[in-house]
Amino acid sequence: MEDKIIVENELGDWRRTHYSFQISDSVINNVVTVIGWISSKRDHGNVLFVQLRDRFGDIQILVKRKELSENIFDSLKSLKEHSSIAIKGKVVEQKNSSNEFEVIPEDIRILSVSNKPAPFLTQSISSIGIDTRLDLRAIDLRRNHLQNVFKIRNTILNSIREYLNDNYFVEVNTPKMIATATEGGAALFPIFYYDREAFLAQSPQLYKEQLTMAFENVFEIAPIFRAEPSRTNRHLSEAMSVDVEKAYVDYTDMMDYLDNLIRYIIQSVNDKNQIELDSLGTELPNVSKPFSRITYSTLVENLQKSHKYIRWGDDISPKLLKDLFGDEFYFITDWPSSTKPFYVKSKKMDPIAEPNNGDDPRMLSESFDLMYGSLELSSGSTRINNKGDLMDNMKKKGLSHKAFDYHLRVFDYGVPPHAGFGLGLERLLMAILKLDNIRDATFYPRDIDRLTP
Ligand code: ATP
Ligand code: MG
């Protein structure tokens, strides 16, 4: 038999007077209006305990049959988790439960009824398959676990803006529909742009470099789009990148900035999110010392000594780093130019590396990757600011000058020396909270298999 429920389905003139955190000593015996959804319910026959959840947390509602009309009591009794309700009632002290206060309803308005039990509980950690959760992501995001994750994400974003603003950076936005690839080779998503083909931007690289001419120090927090054909726990097709670019510095200065930025972020989370960290049972990474720096060539030597198969010039796969580094932040610096994009400034020949057969010099670049264990968080470098060098490098990488004319022409006017980095926001959240899957560091993940919801 269908439950009969009175549904107003309308707020009417009802408005919240207090959030859950505002239910305190100062409002005891006051009549308040609280609004939210039912996160759990205990039914003791003629007495109901309802947990009403709002943006900040739960409020306990104590409902007694004899104190309400039969109608309202029965309606509430039959409501399922996730239904939205508004309650006008009196605040009383509650010494005997984990809640310090309760609201005793005088009037109730049912705003929206959940027809189905959700396939997972708001309290459950994660035994449920990720696809089941992602299919109903809006409900999944109500779970305590993800609520904690995304509260911390919010602190991270705010602290990034604070740090960069304090260091005289300007927040910018660059186009996400672009004409050419910036990283060359990396897979792009083509789109229709009126009568032409265009692409979703895989990075704001060239634009942020250009903007150092006008603003010196710029940053952007925005999506990057990468057609990643593989299924991994660390790649999304659409990810958030914190891009930073600064004039009159080189890559060593940017490593200092990045090191200090991460330290600042972790301090902020430590200061503002103890409740969420306790609830997640997570300890923040130790960042008491500046991050260590190891050159690519030394690292390759070390890997070879520990009998890992790698040749100088190869990219370093996460698998190889697993045994060498624990849960710590560190920089891998001075990568071979051949592993880096065309805009990265070259350094000098590597004295350690064996000479290659013939005349192919082993060029190093002024570059770094910030790592956490085996997870890459950021790549940065000194950029080429000389037009001739940039054109030479493009040629070496097989990129057409014509396609980049819009960019190259800026260099006729004296682009300042500059350096910068791109930091993956979801990767950073994974590192800080030790998340296994990057999908839980974003709201609606996009990957090779998923384009909805
Ligand atoms: P990886 O080697 O891990 O695929 P990448 O070297 O291709 O990364 P970069 O072009 O250096 O990535 O981008 C800068 C940062 O942006 C990366 O260090 C990472 O934190 C983040 N990032 C890049 N691609 C992705 C992606 N597909 N999903 C999530 N984050 C990404
Ligand atoms: Mg990289």
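Residues numbered from 1 in each chain as written. Chains lettered and ligands numbered in written order. Predicted model: local features only at pLDDT ≥ 70, side-chain atom pairs only at ≥ 80, totals over all residues. Heavy atoms only, no water.

Asks: Just give me the short version of the coordination of the magnesium ion (ligand 2), but keep the residues and values in it.
Replies: Coordination of the magnesium ion (ligand 2) by the protein is provided by Glu 376 (OE) and Ser 379 (OG), with metal-donor distances spanning 2.2 to 2.3 Å. Overall, Ser 379 belongs to the partly exposed group, its relative accessible area being 26%. (Donors = N, O, S within 2.8 Å, 3.2 Å for Na, K, Ca; no water. Buried < 20%, exposed > 50% of the residue type's maximum accessible area, 1.4 Å probe, protein only.)

Asks: Pulling in residues and values, what's your account of the side chain of Asp 54?
Replies: By secondary structure assignment, the location of Asp 54 is in the loop between strand E2 (47-53) and strand E3 (58-64). There is no salt bridge for the buried Asp 54, and the closest opposite charge comes from Arg 16, which lies 4.4 Å off by N-O distance. At 2.6 Å, the side chain of Asp 54 forms a polar contact with the backbone nitrogen of Ser 20. Setting aside residues no more than four positions away along its own chain, Asp 54 makes contact with Arg 16, Tyr 19, Ser 20, Ile 35 and Ile 59. (Helix = DSSP H or I, 4+ residues; strand = E, 2+ residues; numbered from the N terminus. Lys, Arg positive; Asp, Glu negative; His and termini not counted. Salt bridge = Lys/Arg side-chain N within 4 Å of Asp/Glu carboxyl O. Polar contact = N/O pair within 3.5 Å; in protein donor to acceptor, adjacent residues only side chain to side chain. Contact = heavy atoms within 4.5 Å.)

Asks: Report on the UniProt feature "binding site: Mg(2+) 2" (unreviewed entry) in the protein, specifying residues and quantitative values.
Replies: The feature "binding site: Mg(2+) 2" (unreviewed entry), as given by UniProt, occupies Glu 376 and Ser 379 in the numbering adopted here. Mapping Glu 376 onto the fold places it in strand E17 (residues 375-382). With relative accessibility at 31%, the residue Glu 376 sits in the partly exposed group. Those residues in contact with Glu 376, other than ones at most four positions away along the chain, are Arg 234, Asp 369, Leu 370, Met 371 and Arg 427. A polar contact is formed between the side chain of Glu 376 and the side chain of Ser 379, at a distance of 2.9 Å. Within the element layout of this structure, Ser 379 appears in strand E17. Residues within four places of Ser 379 in sequence aside, it is in contact with Lys 340, Phe 368, Asp 369, Gly 420, Phe 421 and Gly 422. Engagement of the side chain of Ser 379 in a polar contact is seen with the side chain of Asp 369, the distance being 2.7 Å. (UniProt positions renumbered as here; feature names shortened; annotations may be inferred.)

Asks: Tell me about the pattern of salt bridges, and name the residues and values.
Replies: Going through the model one piece at a time under the given rule, you end up with 29 salt bridges. The partner of Arg 161 in a salt bridge is Glu 171, with the nearest N and O atoms 2.8 Å apart. Of this pair, Arg 161 sits in helix H4 (residues 144-166) while Glu 171 sits in strand E6 (residues 170-171), and the two are 10 residues apart along the sequence. A residue is classified by how much of its surface remains accessible, and Glu 171, at 35% relative accessible area, is partly exposed. Among the ionic pairs, Asp 243 bridges to Lys 208, the shortest N-O distance being 2.7 Å. One end of the pair, Asp 243, is in strand E11 (residues 238-247); the other, Lys 208, is in helix H5 (residues 205-215), with 35 residues separating them in the sequence. Here the two residues Asp 243 and Lys 208 agree in accessibility, since each one is buried. Beyond isolated ion pairs, a larger network of salt bridges with shared partners links Arg 133, Arg 137, Asp 140, Arg 143 and Asp 440.

Asks: Tell me about the UniProt feature "binding site: ATP" (unreviewed entry) in the protein, and name the residues and values.
Replies: Those residues carrying the UniProt feature "binding site: ATP" (unreviewed entry) are Arg 226, Ala 227, Glu 228, Arg 234, His 235, Leu 236, Glu 376, Gly 424, Leu 425, Glu 426 and Arg 427 in this numbering. By the element assignment, Glu 228 lies in the loop between strand E10 (217-225) and E11. Ignoring anything within four residues of it in the chain, the contact list for Glu 228 reads His 235, Leu 236 and Ile 448. On the secondary structure map, Leu 425 appears in helix H12 (residues 425-433). Those residues in contact with Leu 425 that sit more than four places away from it in its chain are Arg 153, Ile 156, Leu 157, Ile 160, Met 240 and Val 242.

Asks: I'd like a description of the sheet that holds E2, backed by residues and values.
Replies: Strand order in the closed barrel formed by five strands is E1-E2-E3-E5-E4, with mixed pairing between adjacent strands. When strand polarity is set aside, the average angle formed by the axes of neighbouring strands in this sheet is 55 degrees. (Pairing = 2+ DSSP bridges. Axes fitted to C-alpha atoms, helices over the stretch in contact; angles between N-to-C directions.)

Asks: Would you mind going over the site of ligand 1 in detail, with residue names and values included?
Replies: In the region of ligand 1, 14 residues are neighbours, and Arg 226, His 235, Leu 236, Glu 376 and Leu 377 sit closest. Within the side chain of Glu 228, one N or O atom sits 3.0 Å away from a nitrogen atom of ligand 1. Contact distances for ligand 1 include 3.0 Å between an oxygen atom and a side-chain N or O atom of Arg 427. When residues of the shell around ligand 1 are traced back to their parent elements, those giving at least two are E17 and strand E18 (418-424). Here the element with the most residues in the shell around ligand 1 is E17; it accounts for four residues. Considering only residue class, the shell around ligand 1 consists of four nonpolar, five polar and five charged. (Near = heavy atom within 4 Å. Nonpolar A, V, L, I, M, F, W, Y, C, P; charged D, E, K, R; others polar.)

Asks: How would you sum up unusual backbone geometry? Please name residues and give values.
Replies: Here Thr 452 and Pro 453 are connected by a cis peptide whose omega angle stands at -10 degrees. At Tyr 194, a position not held by glycine, the phi torsion is positive, near 50 degrees. Among the secondary structure elements, Tyr 194 is positioned in the loop between strand E8 (190-193) and strand E9 (196-200). Using a relative accessible area of 69% as the deciding quantity, one classes Tyr 194 as exposed.

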